[in-house]
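# Architecture and fold: a report
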Amino acid sequence: MASGLGVALFSSAVFGLSGSFAKSLLETGWSPGAAVTARLTGAALILAVPAVAALRGRWHQLRENWLTIVLFGLIGVAACQLFYFNAVARLSVGVALLLEYLAPVIIVLWLWAASRRRPRVLTAGGTLLSLAGLVLVLDLTGAVKVDFVGVLWGIAAAVCLAIYFFITARENDTLPPLVLASGGLLVGAAVMWLAAATGLLPMSFSAADTTLGPWTTPWWVPLAGLVVLATVLAYVSGVMAARSLGSKVASFVSLTEVLFAVVWAWLLLGELPGAIQLLGGVLIVGGVILVRLDELRAAAATPSGHGARMPVSPLEHANDVEPVP
């Protein structure tokens, strides 16, 4: 379990790099759609080679799990990012990101509705504590533009992110995480190119040099970091972490991505985080710990009667949750 938590934190750390790498490209004239499309396409091509090797002689795994792969790529990869960028077009980045990271709350509410059992005290407390920390990390101060349509796009991104965690947390001995990540990125890239071809997604590229920290680098340096670190390693480790920890806990650990993103922005873009953001990071970690402790307490339910364990709802174990169709 400790190793699963470590993998989840690593996944959040490399996912957090995407904002800094992408911003350095956007500042030179790249459109958000172009950056996302290049990110998914490059990652899909890189992962295709080891994924094919992993499937050698076992191509039936694709036939048996094609729906999971399509849902992962369509909803968890392409739609989530596309909806988020639509929200950013109408809202501030902070508000859009906060709306997207309502996903853990959606997961808790979904498990509550599905099991008809209210969340335990520690889970509820961890939910509120993590959300409070997220607000502090984003440091939403001053006038904030609120657009109803933009809010709907942000909530749609949150739903997609929640479904992503349900899909990746599913116990599946026949579909390796590498194959799921590769197939999902390939589907996501195809959807993004289709959206660009239909004019839904504006595309503009630039070959101008970029700035990362004290260095001036060619455009392909941040793009390579965006593809290899913030996508290939991030998605593969994210799938592995979700299968180890379950959808609920993995989604809460993913909140640390915001904290990592702030740190990377400080190191690579010179955006120094304030004390209130550091405090928010502490609250996020504290919320994750509360949810994790709640899971461990449920797993270690005390025996009742003559040594028999008390009955536990299947949804007490987040790994038992089936993906949302």
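Heads up: these notes are all about the structure in this document. (Residues numbered from 1 in each chain as written. Predicted model: local features only at pLDDT ≥ 70, side-chain atom pairs only at ≥ 80, totals over all residues. Heavy atoms only, no water.)

## Overview of the overall build of the protein
Per the secondary structure count, the protein includes 14 helices and four strands. Going through the 325 residues of the protein one by one, you find that 49% of them count as buried. By sequence separation, contacts in the protein at least 24 residues apart represent 86% of the contacts at least 6 residues apart. Here the protein displays about 15,100 Å² of accessible surface, and carbon together with sulfur accounts for 71% of that area. (Helix = DSSP H or I, 4+ residues; strand = E, 2+ residues; numbered from the N terminus. Buried < 20%, exposed > 50% of the residue type's maximum accessible area, 1.4 Å probe, protein only. Contact = heavy atoms within 4.5 Å. Areas by Shrake-Rupley, 256 points an atom, 1.4 Å probe, with all protein chains shown as cover.)

## Here we look at the packing of aromatic side chains
Remark: the centre distance and the inter-plane angle together describe each pair of aromatic rings, the angle taken between the planes. On inspection of all chains with the given rule, the structure shows four aromatic pairs. Arranged with centres 6.2 Å apart and planes meeting at 35°, the rings of W30 and W219 form a pair that is tilted. Placement of W30 in the loop between α2 (17–26) and α3 (32–54) and of W219 in the loop between β2 (215–217) and α11 (220–245) is noted, with a sequence separation of 189 residues between them. Taking relative accessible area as the criterion, W219 reaches 32% and is therefore assigned partly exposed. Ring geometry for W110 versus F166: centroids 6.5 Å apart, planes at 70°, classification edge-to-face. Here the residue W110 occupies a position in helix α7 (residues 103–115), and F166 occupies one in helix α9 (residues 148–168), the gap between them amounting to 56 residues. Since its relative accessible area comes to 43%, W110 is described here as partly exposed. Ring pairs connect the aromatic residues W30, F205 and W219, which therefore count as one cluster. (Phe/Tyr/Trp six-rings, centres within 6.5 Å; stacked < 30°, edge-to-face > 60°.)

## Some words on the state of the cysteines
For the structure shown, the criterion picks out zero disulfides. Between C80, a free cysteine, and C160, which holds the nearest cysteine sulfur, the sulfur-to-sulfur gap is 5.7 Å. Since its relative accessible area comes to 7%, C160 is described here as buried. (Disulfide = S-S within 2.5 Å.)

## With respect to α2
Because the α-helix completes a turn every 3.6 residues, residues three or four places apart line up on one side. Across the 10 residues of α2, seven count as buried, placing the element largely inside the fold. Those residues of α2 that fall on the buried side of the exposure criterion are L17, S18, S20, F21, A22, S24 and L25.

## As for the environment of S237
You can see S237 is positioned in helix α11. Relative accessible area serves as the criterion here: at 6%, S237 is assigned to the buried category. Residues S237 and V7, 230 residues apart in the sequence, show an inter-C-alpha distance of 6.1 Å. Setting aside residues no more than four positions away along its own chain, S237 makes contact with V7, F10 and S11. Polar side-chain contacts of S237 include one of 3.1 Å to the backbone oxygen of A234. (Polar contact = N/O pair within 3.5 Å; in protein donor to acceptor, adjacent residues only side chain to side chain.)

These results come straight from atomic positions and should not be treated as a statement about function.
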